[in-house]
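# Inside the fold
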Amino acid sequence: MEGEGAVEETAKTFQELGVTDVLCEVCDQLGWKTPTKIQVEAVPVALQGRDIIGLAETGSGKTGAFALPILQALLETPQRFFALVLTPTRELAFQISEQFEALGSSIGVQSAVIVGGIDMMAQSLALAKKPHVIIATPGRLIDHLENTKGFNLRALKYLVMDEADRILNMDFETEVDKILKVIPRDRKTFLFSATMTKKVQKLQRAALKDPVKCAVSTKYQTVEKLQQYYVFIPSKFKDSYLVYILNELAGNSFMIFCSTCNNTQRTALLLRNLGFTAIPLHGQMSQNKRLGSLNKFKAKTRSILLATDVASRGLDIPHVDVVVNFDIPTHSKDYIHRVGRTARAGRSGKSITFVTQYDVELFQRIEHLIGKKLPAFPTQEEEVMMLTERVAEAQRFARMELRQQGEKKKRSREEEKEEDDTEGAMGVRNKVAGGKRKKWKA
Ligand code: AMP
């Protein structure tokens, strides 16, 4: 059986699902030969005008499953501010927007991405152009609904809530409620979620009308083409084992998961000091830096992406050959999401989970969840030990660089504060736009 995260081709054609010729052509141009399972289930139902509750993961082709019916409806009755897609993270928003652009640009569909961490002004201008489709994270959308003149969603026809379980887990519940209050009741709603939690059920009752359930993902199953391993090692040799594995599997692309932003940054610096093309992606980086990292990785100019769990779900990274759980996930479900980054679209992949003396219980929980015992990844201890000296030196450098980066950040924060004070003394405080400062010191 197919597991999560794999685009599986089916025997049907897009035409048979009721997709109009122009859009069938676009799919063909994108290399989408046949619809995926979730598309086979959801597209015909959506085209009939029904609400949908879709249980599917990223990688299943679910974006196409909601984008195609929306674009087809838009072709029939063109209208500005036609559809809103709510999504939990900025990265996911950009990915969805890429698919809307790819599918919709030849028919002149315009979309806008409204997410935090990006200039409000630029977004207001994008909204002033009245795009057909908005892809947004809830918080920033509310900001615009409340503060951007002339912008409202009173004519909206389609609402998509993508990765609803994550939207709700990220405490966006209030924002979602607010949004539901300012859009028409008479609309079509598609709710997609990887898991059916209580919160999602509640949202379903509040937002959907007589929905049809379309489910394709088998819960907690990992893909067959995924070879999963563990390495049992002393905690103090983690870095050396990581370097050993990267050398052993050289030529592959890697995604390495760490538990904290700090460890992600540290490990990236460590690997760079050892000559690897490693790049970090975590929540303490600015939005531009995160997008930059992701693009460099996608463009294959970097072969190792180090990430926290922020990045473990929802990202469309097609060519990860190996997932390394450098820090074991504390929530076993995150394991499934992490390893779901490889062995996608029918390709094979590997995952290697580092298990130290402190992680045994967590590892057992993972094995229990996926219902199988994993084999050990073969390693040569003597070879690993030969690396320890070089690794120790790189660790020292990495620590130093991390300290320097921390100090630089602190300095720039202090400089900013000094500037604030000087501006205050010069009496320009009222001219500062956007209400950036919270409270003015007397
Ligand atoms: P998603 O699950 O929407 O994130 O899609 C995962 C990947 O599958 C994206 O890169 C899509 O471009 C691709 N995809 C979506 N539908 C199809 C299809 N019918 N055939 C082949 N690839 C597809």
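What counts as what
Residues numbered from 1 in each chain as written. Predicted model: local features only at pLDDT ≥ 70, side-chain atom pairs only at ≥ 80, totals over all residues. Heavy atoms only, no water. UniProt positions renumbered as here; feature names shortened; annotations may be inferred. Helix = DSSP H or I, 4+ residues; strand = E, 2+ residues; numbered from the N terminus. Contact = heavy atoms within 4.5 Å. Near = heavy atom within 4 Å. Polar contact = N/O pair within 3.5 Å; in protein donor to acceptor, adjacent residues only side chain to side chain. Areas by Shrake-Rupley, 256 points an atom, 1.4 Å probe, with all protein chains shown as cover. Nonpolar A, V, L, I, M, F, W, Y, C, P; charged D, E, K, R; others polar. pLDDT = per-residue confidence, 0-100. Buried < 20%, exposed > 50% of the residue type's maximum accessible area, 1.4 Å probe, protein only. Lys, Arg positive; Asp, Glu negative; His and termini not counted. Salt bridge = Lys/Arg side-chain N within 4 Å of Asp/Glu carboxyl O. Pairing = 2+ DSSP bridges. Axes fitted to C-alpha atoms, helices over the stretch in contact; angles between N-to-C directions. Expected span 1.5 Å × (residues − 1). Arc of directions from axis to C-beta.

Under an unreviewed UniProt entry, the name given to the protein is Probable ATP-dependent RNA helicase DDX47, and the organism recorded is Podarcis muralis. Entered under Sequence similarities (unreviewed entry) in the UniProt record, the comment concerning the protein runs "Belongs to the DEAD box helicase family. DDX47/RRP3 subfamily." According to its UniProt record, the protein has this under Subunit (unreviewed entry): "Interacts with AGO1 and AGO2. Interacts with GABARAP. Interacts with NOL8; the interaction is RNA-dependent."

### Observations regarding the side chain of Thr-308
Mapped onto the secondary structure, Thr-308 falls in the loop between β11 (304–307) and β12 (322–325). In this view, Thr-308 contacts Phe-257, Cys-258, Thr-260, Cys-261, Thr-264, Leu-281, His-282 and Gly-283; residues no more than four positions away in its chain are not counted.

### Some thoughts on the site of the ligand
In the region of the ligand, 16 residues are neighbours, and Thr-34, Gln-39, Gly-59, Gly-61 and Thr-63 sit closest. Between the ligand and Lys-62 there is a distance of 3.3 Å, counted from an oxygen atom to a backbone nitrogen or oxygen. Across the complex, the protein chains shield 84% of the 500 Å² of accessible surface that the ligand would expose by itself. Across the shell around the ligand, the residue classes tally to 4 nonpolar, 9 polar and 3 charged.

### Observations concerning the confidence of the model for the protein
The share of residues in the protein with pLDDT of 70 or more is 87%, and the mean pLDDT across the chain is 86. Long-range and interchain partners of residues 1–7, a stretch whose pLDDT sits below 50, account for 29 contacts in this model, where long-range means more than four residues apart. Taken as a whole, residues 422–442 scores under 50 in pLDDT and shows 12 contacts with residues more than four places along the chain or in a different chain.

### Regarding unusual backbone geometry
Its identity is not glycine, yet Phe-81 carries a phi of approximately 45 degrees, on the positive side. Mapped onto the fold, Phe-81 is located in the loop between α3 (62–76) and β2 (83–86). Despite not being glycine, Lys-130 has its phi angle at roughly 50 degrees, a positive value. As for its placement among the helices and strands, Lys-130 is situated in the loop between α5 (120–128) and β4 (133–136).

### So, the side chain of Asp-334
By the element assignment, Asp-334 lies in helix α13 (residues 332–339). This buried residue, Asp-334, is left without a salt bridge; Arg-338 holds the nearest opposite charge, at 5.8 Å. Setting aside chain neighbours within four positions, we find Asp-334 in contact with Asp-309 and Pro-329.

### So, the sheet that holds β4
Spatial strand order, β3-β4-β2-β5-β6-β1-β7: 7 strands in an open sheet with parallel pairing. On the outer flanks of this sheet lie β3 (111–114) and β7 (212–215), each paired with one strand and no other. In this sheet, adjacent strand axes meet at a mean angle of 15 degrees when their direction is disregarded. Of the strand pairs in this sheet, β3 and β4 are connected by 4 bridges, and their pairing is parallel. Looking at the pairing, Ser-111 lines up with Val-133 of β4. Running over the sheet, helix α4 (residues 90–104) touches β2, β3 and β4 and is turned about 160 degrees from β4.

### A few points about helix α12 (residues 287–298)
Under the 1.5 Å per step criterion, the end-to-end length of α12 is 16 Å for 12 residues, consistent within 8% with the ideal 16 Å. Here α12 has its buried residues at Gln-287, Arg-290, Leu-291, Ser-293, Leu-294 and Phe-297. Looking straight down α12, one finds that the buried residues subtend no more than 155 degrees of arc, so they occupy a single side. Exposed residues on α12 whose side chains face more than 90 degrees from its buried face are Asn-288 and Lys-289.

### Observations concerning the sheet that holds strand β13 (residues 349–355)
By definition, the strands of a sheet pair up through backbone hydrogen bonds, in either a parallel or an antiparallel sense. The strand order across the open sheet formed by 6 strands is β8-β13-β12-β9-β11-β10, and the pairing between neighbours is parallel. The two strands at the open ends of the sheet, each matched to only one other strand, are β8 (226–232) and β10 (278–281). Going from strand to strand, the sheet's axes swing by 20 degrees on average, the running direction of each strand aside. The pairing of β8 with β13 spans 7 bridges and is classified as parallel. The residue of β13 that forms the bridge with Phe-232 is Val-355. Against the sheet, helix α10 (residues 238–248) engages β8, β9 (254–257), β11, β12 and β13, with an angle of about 165 degrees to β13.

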